[in-house]
Amino acid sequence: PARGNFYYEAAQSLREILGPERVSMFHVAPGESADVWHSGLIDFIKSVGATHVLGHVESDPGQVNAPWTWDSLWFELSAVWDGVLLGVTFDSSHKWLAAQSRLLARISDRFLLLDICIPMDGRMVRGRPEVGPIPLVVSRESQALLRDRLTGVTPEFDLSFIGAMYPYRVQLVEQLRAAGVSVAVNPHRSDTAEDLESSRREQPSWLDYMAGLASSRMTLNFSQSSAGRYEQFKWRVMEAGLAGTLLLTDDRDRTSRFFVPDEEYGYFPNVKQLPKVLNEYMSDPQRVARVAAAGARKAQEIAPEGLWRAVDSGLHRRKLRT
């Protein structure tokens, strides 16, 4: 718990909703051959009577630089099992990763795509609904640990940016500083992490990362994908809310699917306009506190069940077993 592991949180949150006896975990050992984990998973599904399987379909589980084999698994599994494969993707902005999911969708219509960051309706099969973007899931177990970690943490900075410092983000932060905006970059770290290499090295724990978010009154979210000029729904949107800091984002569409602009988060159209937006918020501390508190309430409501509400809605739209 509280490690930022999407699949642990997905399983634990569903245990909290349905009961522990309704959720089973299948483990694939590192380096295990495709033949072994395919047959093992099929036997496991039959033994526990699974109706749905959730998995990360962008790569084979437990493997590094191994061939992708979800297609052969799904071809075999869909012929002997009438359940639904819930395939999670993190990077579908990348063309060939999306192509893999498209192949799974064409093998059987009992494949439902769950994309964490972009809408995917009609992207697998024309006219076919999928699920996405989906909110970050944080179980009630992990939320309790988070509350303990944030006890006594108070804001030290007006504005922070936390995350990997891709070159375009370095340029954006430089532009903000040139405009007179004071930005604390990765304040949760003891070292200076203002370039891509250092920001990815020796990552602090998820709880320390969340404490870093809570140490600022406002935090920036840049919605551009690392794959190019694609707008993504970022986990930081939910994490900012859970940490109790006000989110400022350039996201035009994705965040507004879950949060109300100007009431539960702040919006800036571009970096040139950001100093003006910041000054408006900084001149009104009560507004900062009010919007941050509303965003926190919404994030705490969504985090433990929002993923599964979205999945059930998608299954219903597709007339699949909920």
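Rules of the game
- Residues numbered from 1 in each chain as written.
- Predicted model: local features only at pLDDT ≥ 70, side-chain atom pairs only at ≥ 80, totals over all residues.
- Heavy atoms only, no water.
- Helix = DSSP H or I, 4+ residues; strand = E, 2+ residues; numbered from the N terminus.
- Expected span 1.5 Å × (residues − 1).
- Buried < 20%, exposed > 50% of the residue type's maximum accessible area, 1.4 Å probe, protein only.
- Contact = heavy atoms within 4.5 Å.
- 1 Å grid on protein atoms, 1.4 Å probe; cavity = no way out; pocket = protein on both sides within 12 Å on 5 of 7 lines; lining within 4 Å.
- Points joined across faces, edges and corners; volume = space filled by probe spheres on them.
- Salt bridge = Lys/Arg side-chain N within 4 Å of Asp/Glu carboxyl O.
- Pairing = 2+ DSSP bridges.
- Axes fitted to C-alpha atoms, helices over the stretch in contact; angles between N-to-C directions.
- Phe/Tyr/Trp six-rings, centres within 6.5 Å; stacked < 30°, edge-to-face > 60°.
- Lys NZ or Arg CZ within 6 Å of the ring centre and 35° of its normal.

## Focus on helix 11 (residues 285–302)
- Along its 18 residues, helix 11 runs 26 Å from first to last C-alpha, staying within 8% of the 26 Å computed at 1.5 Å per residue.
- Taken together, the buried positions of helix 11 are occupied by R287, V288, V291, A292, A294, G295, A296, K298, A299 and I302.
- Packed against the buried residues of helix 11 are strand 6 (216–221), helix 9 (235–243), strand 9 (246–249), helix 10 (274–282) and helix 12 (306–317).

## Observations regarding helix 12
- Counted at 1.5 Å a residue, the expected span for helix 12 with its twelve residues is 16 Å, and the 17 Å between its end C-alpha atoms agrees.
- All of the buried residues along helix 12 are G306, L307, W308, V311, G314 and L315.
- The inward-facing, buried residues of helix 12 contact helix 1 (6–18), strand 1 (52–56), strand 2 (84–89), strand 3 (111–115) and helix 11.

## A look at the layout of surface pockets
- Its boundaries defined by the atoms lining it, the largest pocket holds a volume of some 1,300 Å³.
- Looking at the largest pocket, it is lined by 40 residues, and the ones nearest its centre are V23, S24, H52, V53 and L54.
- Contributing elements (two or more residues each) for the lining of the largest pocket: helix 1, helix 2 (34–48), strand 1 and helix 12.

## Things to note about the pattern of salt bridges
- The tally for this structure, following the rule as stated, stands at ten salt bridges.
- For R317, the salt bridge identified is with D121, shortest N-O distance 2.9 Å. One end of the pair, R317, is in helix 12; the other, D121, is in the loop between strand 3 and helix 5 (140–150), and 196 residues separate them in sequence.
- By relative accessible area, R317 is classed as partly exposed at 42%.
- On the basis of relative accessible area, D121 is assigned to the partly exposed category, the value being 42%.
- Several salt bridges converge on common partners, so that one network encompasses R140, E305 and R309.

## Brief notes about the sheet that holds strand 6
- Reading across from one edge, 5-4-6-9-10 is the order of the five strands in this open sheet, with parallel pairing throughout. Strands with a single pairing partner mark the edges of an open sheet, and in this sheet they are strand 5 (184–185) and strand 10 (266–267).
- Bridge count for strand 9 against strand 10 is two bridges, and the pairing is parallel. Across the sheet, residue T249 finds its bridge partner in strand 10, namely Y267.
- In the packing of helix 10 onto the sheet, contacts are made with strand 4 (157–161), strand 6, strand 9 and strand 10, and the angle to strand 9 comes to roughly 160 degrees.

## Focus: the packing of aromatic side chains
- In this structure the tally under the stated criterion is eleven aromatic pairs.
- A ring pair is formed by F161 and F222, whose centres lie 5.4 Å apart and whose planes are at 35 degrees; its orientation type is tilted. Taken together, the residues F161 in strand 4 and F222 in the loop between strand 6 and strand 7 (224–225) connect sequence positions 61 residues apart. The pair F161 / F222 is uniform in exposure class, with both members buried.
- Members of the aromatic cluster, each reached through a chain of ring pairs, are F6, Y7, F90 and W235.
- The aromatic ring of Y281 is capped on one face by R287, whose charged end is 4.0 Å from the ring centroid.

## Describing empty space enclosed by the protein
- Counting across every chain of the model gives one cavity of 30 Å³ or more.
- Here the largest cavity defines a volume of roughly 80 Å³.
- Taken together, 14 residues make up the lining of the largest cavity; nearest its centre are G241, L247, E264, Y265 and G295.
- The set of elements that each furnish at least two residues to the lining of the largest cavity consists of helix 9, strand 9 and helix 11.
- Ranked by the residues each element gives to the lining of the largest cavity, the list is headed by helix 11, at four residues.

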